[in-house]
Amino acid sequence: MATAKFTEIKQHITARIESGEWQEHAKVPSENQLAEQFCCSRMTARRALTELVEAGVLERSQGLGTFVASIKSQSSMLAIRNIADEIKERGHGYSVEQLALEEIKAMAPIAIALGLEEGERVFRSVLLHCEQGTPLQLEERFINPRLIPDYLSQDFTQITPHEYLSTVAPLTEARHIIEAIPAGQQLKEQLRLKANEPCLQILRRTWSRQGVVSFARLVHPGSRFRVGGHLTFKNGKE
């Protein structure tokens, strides 16, 4: 029974955070309050809180209590931003073409990236983001349907996947691989590339508090995109 209550408490807390009911830095109920609410021992409530603290979901402040931890999306130079906002901030026109929105069976690399079994169903979207009518990014995204069951019901000509996912599964972590790649014939046509123009590819995995949400492949024309960032150092260290 204690194990069931322990799991129930953790699910209760993470659900409140995921729904936005408990925002960053909000104080969560104490061990005594949780023990009373869930009719369990204080030790069971303490274990649930401790594991969420160790997972980075909560943080403790001595003498003050336990609070919802700050959400840190990444520690790399590359910020995660909505491409539509970036283009509009430059005063340019943004448009998008939805090339695919479907359910497929996960091949091994996609299954591994999403933490699923090979052959399991995943959702796939392919979008072409344009600036002033010129292709700037080809976005191919694979989604874990266990965490985002309504993904295929969205209209991504009206809202970007980034905007939608940020609402239904706020990001807690992201990892990137950035590399230059040659363009095959299909990419050349989709991105309207010059002859022999290289592309910049970003492979990105994103997590919410519940697990891996998506694996995305973002491809940009080398002549129209660059990566930059700003780092702040404390005491001479990263």
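What this report covers is the structure whose coordinates are included nearby. (Residues numbered from 1 in each chain as written. Predicted model: local features only at pLDDT ≥ 70, side-chain atom pairs only at ≥ 80, totals over all residues. Heavy atoms only, no water.)

## Considerations on empty space enclosed by the protein
Using a probe with the size of a water molecule, rolled over the atoms, empty space left in the structure can be pinpointed.
Moving on, step 1. This model, assessed by the stated rule, comprises one cavity of 30 Å³ or more.
Moving on, step 2. The calculated volume of the largest cavity comes to roughly 70 Å³.
Moving on, step 3. Along the walls of the largest cavity sit Ile80, Arg141, Pro161, His162, Leu165, Ser166, Leu171, Arg204, Thr206 and Ser214, which together make up its complete lining.
Moving on, step 4. Elements represented by at least two residues in the lining of the largest cavity include exactly helix 6 (161-168) and strand 7 (199-208).
Moving on, step 5. Residue contributions to the lining of the largest cavity peak at four residues, all from helix 6.
Moving on, step 6. Within the lining of the largest cavity, the residues separate by chemical class into four nonpolar, four polar and two charged. (1 Å grid on protein atoms, 1.4 Å probe; cavity = no way out; pocket = protein on both sides within 12 Å on 5 of 7 lines; lining within 4 Å. Points joined across faces, edges and corners; volume = space filled by probe spheres on them. Helix = DSSP H or I, 4+ residues; strand = E, 2+ residues; numbered from the N terminus. Nonpolar A, V, L, I, M, F, W, Y, C, P; charged D, E, K, R; others polar.)

## Considering the packing of aromatic side chains
Moving on, step 1. Evaluated as defined, the whole model comprises four aromatic pairs.
Moving on, step 2. Here Tyr151 and Phe156 contribute two aromatic rings whose centre-to-centre distance is 4.8 Å and whose plane-to-plane angle is 40 degrees, an arrangement assigned as tilted. One exposure class covers both Tyr151 and Phe156, and it is buried.
Moving on, step 3. Geometrically, the ring pair formed by Phe156 and Tyr164 is edge-to-face, given 6.3 Å between the ring centres and 70 degrees between the ring planes. No difference in accessibility class separates Phe156 from Tyr164, as the two residues are buried.
Moving on, step 4. Taken together, the ring pairs connect Tyr151, Phe156 and Tyr164 into an aromatic cluster.
Moving on, step 5. Over the face of the ring belonging to Phe6 we find Arg47, whose NZ or CZ atom lies 4.0 Å from the ring centre. (Phe/Tyr/Trp six-rings, centres within 6.5 Å; stacked < 30°, edge-to-face > 60°. Buried < 20%, exposed > 50% of the residue type's maximum accessible area, 1.4 Å probe, protein only. Lys NZ or Arg CZ within 6 Å of the ring centre and 35° of its normal.)

## Quick notes on the nonpolar core
Moving on, step 1. Formed by 17 residues in total, the largest nonpolar core has its most connected members in Ile9, Ile13, Ile17, Leu34 and Leu58.
Moving on, step 2. Listing elements by their share of this core, those giving two or more residues are helix 1 (2-19), helix 2 (31-37) and helix 3 (42-54).
Moving on, step 3. If we ignore the near neighbours within four places in the chain, the residues touching Ile9 are Leu34, Phe38, Cys40, Ala45 and Ala48. (Core = buried A, V, L, I, M, F, W, Y, C linked by side-chain atoms within 4.5 Å. Contact = heavy atoms within 4.5 Å.)

## Brief notes about the sheet that holds strand 6 (residues 173-181)
Moving on, step 1. A sheet is described by the order of its strands in space; here six strands give the open sequence 3-4-5-8-7-6, paired in antiparallel fashion. Strands at the two margins of the open sheet, each flanked by one partner only, are strand 3 (94-105) and strand 6. Each strand of the sheet is rotated relative to its neighbour by a mean of 15 degrees, with strand direction disregarded.
Moving on, step 2. Note: strand 4 (residues 121-131) against strand 5 (residues 134-143), nine bridges, orientation antiparallel. By the bridge assignment for strand 5, Leu128 is matched with Leu138. (Pairing = 2+ DSSP bridges. Axes fitted to C-alpha atoms, helices over the stretch in contact; angles between N-to-C directions.)

## As for helix 3
Moving on, step 1. Relative to the 18 Å expected for 13 residues at 1.5 Å per residue, helix 3 spans 18 Å between its end C-alpha atoms, a close match to the ideal helical length.
Moving on, step 2. Within helix 3 the residues assigned to the buried category are Thr44, Ala45, Ala48, Leu49 and Leu52. In an axial view of helix 3, the angular spread of the buried residues amounts to 130 degrees, which keeps them on one side of the axis. The outward face of helix 3, more than 90 degrees from its buried face, is lined by the exposed residues Met43 and Glu54.
Moving on, step 3. In the stretch just after helix 3, Gly56 is the one whose phi turns positive, near 85 degrees. (Expected span 1.5 Å × (residues − 1). Arc of directions from axis to C-beta.)

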